[in-house]
Amino acid sequence: MTVDSKDRKTRLTVLVALGANLLIAAAKAGAGVLAGSPALLSEAAHSVADSMNEVFLLAALRRSRRPADQHHPFGYGKERYFWSLLAAVGIFVMGGCFSFLQGVDALRSDHQESTAGYVAGLSVLGVALVAEGGSLLRALYQVRGQRGAGIGHDPALRTVVAEDGTAVVGVLLAAAGMALHMVTGRVVWEASASLCIGLLLVYVAYRLGKEARDQLIGEAVDPELRDSIRALLDEQPEIDSVASLLTMRLGLDSALVAARVDLRPGLDSEDVEVVSERIKAAVVKAWPQADQVFLDITEAPPSPPQASAAAPGAPAGHRRESAGPA
């Protein structure tokens, strides 16, 4: 599956989630105000936060595909992580904090309250559960279609799955709180539901924010990929040893590979250049996402004759740098 095809599917998944959240947010807010339900209002804030986040993710999908330029020679792949971080902040502020405020306010007024309009509110939550569940199934279907990758490192798809999964749990919590309020006549059950929704959103925001932060700072590629690249370098007949191998993920389908290698003795300058280009091309061919490959080459010194010793102060070897992407 090509990158453009993956992006089109992810964009459709985000648009489905956005449409569902906008309709649900309006319905929850209206029913919450009429019923005076803190749990329903918390869920409305949750859906508003999710809707804003889907807008962020659409921006991430568009902006991250801009080509590299003079100011950003490695491209704009990390735009996805930046907008994903904003989405995590949105979940925390607009969803989690508002839910906490609703729960605390309801606890302060813990007394018998009218539950008029709660039947309509529960009906809205039932529709929301179907819509959120459908959006979640759409996202999980895309994840299943990415064989061997799953959610992987796509922050847009990962955020949609997290939001929709949290939304389903949040609807169930709100419905349970409203139902117990109707049965017992005490708002403490709804207040508890709002606090639980807030805790859930704060936890999800923390996890998404932490992952986005790690990727923005500069995260290495998966250990399996790193080990495979090292194994390929070790297999090259001209390489004596791999002194060090550093990697960094530059975007969803872009990674930097920097290796310091010792070549076997006896290669002249032209051979070293040809070998360097061939090795870099082999890495890119095997793993197209490793599109920025840099080699720091050190030529191993020739073995000294048995009858003579190396002159004092003689250099251990000669380093050649092959810098630049393959």
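One structure accompanies this document, and this report is about it. Quick caveat, the model's predicted, so the values are computed rather than measured.

### Overview of the packing of helix H2 (residues 38-63) against helix H3 (residues 79-108)
Logical step 1: Two elements in contact, H2 and H3, have axes separated by 8 Å at closest approach and are oriented at 175°. With respect to H3, the axis of H2 lies roughly antiparallel.
Logical step 2: Looking at the contact of H2 with H3 residue by residue, the class counts come to 16 nonpolar, 6 polar and 3 charged.

### Considerations on the environment of Arg186
Logical step 1: Here Arg186 is to be found in the loop between helix H5 (155-184) and helix H6 (188-217).
Logical step 2: Taking the relative accessible area as the measure of exposure, Arg186 reaches 34% and is therefore partly exposed.
Logical step 3: Considered as a pair, Arg186 and Leu107 are 79 residues apart in the sequence and their alpha carbons are 9.9 Å apart.

### Some words on the pairing of strand S2 (residues 254-263)
Logical step 1: Within S2, 7 of the 10 residues are buried, leaving the element largely enclosed by the surrounding structure.
Logical step 2: Once strand S1 (residues 239-251) ends, the chain turns through 2 residues before running back antiparallel as S2.

### Let's talk about the pattern of salt bridges
Logical step 1: According to the stated counting rule, one finds 12 salt bridges in the structure shown.
Logical step 2: Close ionic contact of Glu238 with Arg278 constitutes a salt bridge, the shortest N to O distance being 2.5 Å. Pair noted here: Glu238 is in the loop between helix H7 (223-235) and S1 and Arg278 is in helix H8 (residues 269-286), with a separation of 40 residues, a long-range link.
Logical step 3: On the basis of relative accessible area, Glu238 is assigned to the buried category, the value being 18%.
Logical step 4: Overall, Arg278 belongs to the partly exposed group, its relative accessible area being 36%.
Logical step 5: Taken together, the salt bridges that share partners define one network made up of Arg63, Arg66 and Glu79.

Definitions and cut-offs
- All residue numbers refer to positions counted from 1 along the written sequence of the respective chain.
- Local features are withheld for residues below a pLDDT of 70 in this predicted model, meaning they are given only at 70 or higher, and side-chain atom pairs are given and counted only at 80 or more; totals for whole chains, interfaces and linings count all residues.
- Working from all heavy atoms in the structure, the side-chain values ignore hydrogens and water.
- Note on method: axes are straight lines fitted to C-alpha atoms, helices fitted across the in-contact stretch only, with angles between N-to-C directions ranging 0 to 180 degrees.
- Going along the chain from the N terminus, every DSSP run of H or I of four or more residues is numbered as a helix, and every run of E of two or more is numbered as a strand.
- Here is the rule for angles: anything less than 35 degrees is roughly parallel, anything more than 145 is roughly antiparallel, 65 through 115 is roughly perpendicular, and the remaining ranges are oblique.
- Residues are grouped as follows: Ala, Val, Leu, Ile, Met, Phe, Trp, Tyr, Cys and Pro are nonpolar; Asp, Glu, Lys and Arg are charged; all remaining types, including Gly, are polar.
- Any residue under 20% of the maximum accessible area for its type is buried, any over 50% is exposed, and the rest in between are partly exposed; the area is computed with a 1.4 Å probe on protein chains only.
- Pairing between two strands is assigned when DSSP locates at least 2 bridges connecting them.
- We define a salt bridge as a contact between a side-chain nitrogen of Lys or Arg and a carboxyl oxygen of Asp or Glu at a distance within 4 Å.

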